Amino acid sequence: MNYNKEILENSEIKYVVEADSSAWQNAIKEAYNKTKHKFNIEGFRKGKAPMSVITRMYGIGVFFDDALDIILQDLYTELLTKEADLKPVARPNVDIVAISDTELKVAFTITVTPEFTLGEYKGLTLDKINVEVTDEMVDAEITKAQDKAGAWENVTDRACQKFDSVIIDYSGSVNGVKFEGGTAEKQNLELGSGMFIPGFEEQVEGMAIGEERDINVKFPEGYGAEDLAGKDAVFAVKLHEIKKKVLPELNDDFAKDVSEFDTLDEYKADVKAKLVKTAEEKAKRDMENALLDKIAENTEIKIPDAMIEEQIEDMIQEFEYRIAYQGMKVEDYYKYTNSSRDELRLRYNAEAQKQVKMRLIFGAIIKAENIKAEQAEIDAKIADFAKGANKTVDEFKKTMHPEQASYIENDIIMNKMIDFLMANNKFA
């Protein structure tokens, strides 16, 4: 394999690679063996026609696409082996320069890490985030626990009101025609929850057990079902049951029921301590993010488009995987949300640029400060994972994938880098 190299703009290098003639001809023969069953030549059983006969009828180019599939990865791998210092950061663009039955020249345009000067990342001063947990915040958490511990009791002596739970039948129609999904029986609804169309729950309030009422609502313009969006609808509603939530008294018995403490004061102190811990952890994360944003602001990088496009594609694939994992078809999601993959690409563009830039900056800081994961640190992390999996270290190591080992090492390095930056900058 022979090749020449040309440095392009925007962190790209172009390699024009000439395949060995014998390797290219072997790829064509392999393509013939792979595809000959597709040709139906008169005088030969299907799949038995010689390569020369197929070539006379269709031309040698009929095998080129499959032959390229066979040889391109080998050419690219060999190029990376010869150019040991080459570190691609995205998939290469491939162009055919010359092609015949004996010659193949391919241009690989490869994006590499852009060169840039790391901005100031030590000795910076940023605003400190002070943590304050008030009595009102503690009371709000206890109120949540009180509400959660509440019990629903039947109501028979009054009409329903906001925050009651009711059982209703309903049947919706638009212009007198019932629509799909608009009818239900014995449906539970907590008034004030906002679970139904705007205006529906408010009109249920005041109904008594056994009462029937027509409720007039308007579907929102952005409603998921396009045939209902913006339409006026009428729901015939019948109320069967009313329940109110009875909350426990805030006393020592309540504390014993919802916690491991014997008194309300002890429970409150524990709630406050947990709120303080959570607030401190959030403040630490926020200060870390503010520091990283400042470092990014101090560093100018001309990011190659290929890196941004690849990051966007990774983000979209991860999003679509989550949608599929939730049991929804991706195409249905785009349909119901009146969106598209292209719109998602535009939405992710700014975040993708930020993530790529931060990744490049992290790499530069790690290199500049010679931050590494020591073997003892890696072993300790593996021991933690093994313990969590209820396995011995040796058992866990046998089940580890190379990606896991790489993840553990990278996680240690990233945490050490963050600790380094927090220690070498000031918050006041």
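Residues numbered from 1 in each chain as written. Predicted model: local features only at pLDDT ≥ 70, side-chain atom pairs only at ≥ 80, totals over all residues. Heavy atoms only, no water.

Digging into the overall build of the protein chain
Of the regular secondary structure elements, the protein chain holds 13 helices and 11 strands. Taken over C-alpha atoms, the radius of gyration comes to 33 Å for the protein chain, far larger than the 22 Å a tight globule of 428 residues would show. A burial count over the protein chain gives 35% of its 428 residues as buried. Considering only residue pairs separated by 6 or more positions, the protein chain has 65% of its internal contacts joining residues 24 or more positions apart. Summed over its atoms, the accessible surface of the protein chain is roughly 26900 Å², and 47% of this surface lies on carbon and sulfur atoms. Distance between charge centres in the protein chain, computed from 57 positive and 83 negative side chains, equals 4 Å. (Helix = DSSP H or I, 4+ residues; strand = E, 2+ residues; numbered from the N terminus. Rg over C-alpha atoms; globule rule 2.2 N^0.38 Å. Buried < 20%, exposed > 50% of the residue type's maximum accessible area, 1.4 Å probe, protein only. Contact = heavy atoms within 4.5 Å. Areas by Shrake-Rupley, 256 points an atom, 1.4 Å probe, with all protein chains shown as cover. Lys, Arg positive; Asp, Glu negative; His and termini not counted. Charge placed at Lys NZ, Arg CZ, Asp CG, Glu CD.)

Comments concerning the sheet that holds strand β3 (residues 93-99)
Backbone-to-backbone hydrogen bonds join strands into a sheet, with any given pair of strands oriented parallel or antiparallel. With respect to topology, four strands assemble into an open sheet ordered β1-β2-β4-β3, the strand pairing being antiparallel. Lying at the two open borders of the sheet, with one neighbouring strand each, are β1 (2-7) and β3. Strand-to-strand twist of the sheet, defined as the mean angle between neighbouring strand axes without regard to direction, takes the value 20 degrees. As paired elements, β1 and strand β2 (residues 12-18) share six bridges and run antiparallel to each other. (Pairing = 2+ DSSP bridges. Axes fitted to C-alpha atoms, helices over the stretch in contact; angles between N-to-C directions.)

Here's the deal with the pattern of salt bridges
On inspection of all chains with the given rule, the structure shows 22 salt bridges. One salt bridge in this structure joins K245 and D147, with 3.4 Å as the shortest N-O distance. With K245 in strand β10 (residues 232-246) and D147 in helix α4 (residues 135-148), this pair connects stretches of sequence that are 98 residues apart. Ionic pairing is found between R341 and E313, a salt bridge with its closest N-O pair at 2.9 Å. With a gap of 28 residues between them, R341 in helix α10 (residues 341-368) and E313 in helix α8 (residues 305-325) connect regions that are remote in the sequence. Owing to a relative accessible area of 17%, E313 belongs among the buried residues under this scheme. (Salt bridge = Lys/Arg side-chain N within 4 Å of Asp/Glu carboxyl O.)

What about the confidence of the model for the protein chain?
When pLDDT is averaged across the protein chain, the result is 94; 100% of the residues are at 70 or more. Across the protein chain, element-level confidence peaks in β10 with a mean pLDDT of 97 and bottoms out in helix α9 (residues 330-336) with 88. (pLDDT = per-residue confidence, 0-100.)

Side note on the nonpolar core
Of all hydrophobic cores here, the largest spans 45 residues; its most connected members are L291, I295, Y348, I361, I365, M417 and L421. Contributions of two or more residues to this core are made by α7 (264-297), α8, α9, α10, α11 (375-388) and α13 (402-423). Top contributing element to this core by residue count: α10, with 10 residues. Excluding anything up to four places from it in sequence, Y348 contacts I312, M315, I316 and F319. (Core = buried A, V, L, I, M, F, W, Y, C linked by side-chain atoms within 4.5 Å.)

What about the side chain of E201?
Looking at the element boundaries, E201 is found in helix α5 (residues 200-204). With residues up to four places along the chain from it excluded, the contact list for E201 reads L189, E190, L191, G192, S193, G194, M195 and F196.

A look at the environment of G194
Its location among the elements puts G194 in the loop between β8 (177-190) and α5. For the pair G194 and K357, spaced 163 residues apart in sequence, the C-alpha separation works out to 41 Å.

Re the packing of α7 against α13
For the pair α7 and α13, interaxial distance at closest approach is 11 Å and the crossing angle is 85 degrees. Viewed along their axes, α7 and α13 adopt a mutual orientation that is roughly perpendicular. Residues M287, E288, L291, L292 and I295 of α7 form the contact with α13, whose participating residues are I418, L421 and M422. Of the residues contributing to the contact of α7 with α13, the split by class is seven nonpolar, no polar and one charged. (Parallel < 35°, antiparallel > 145°, perpendicular 65-115°, else oblique. Nonpolar A, V, L, I, M, F, W, Y, C, P; charged D, E, K, R; others polar.)

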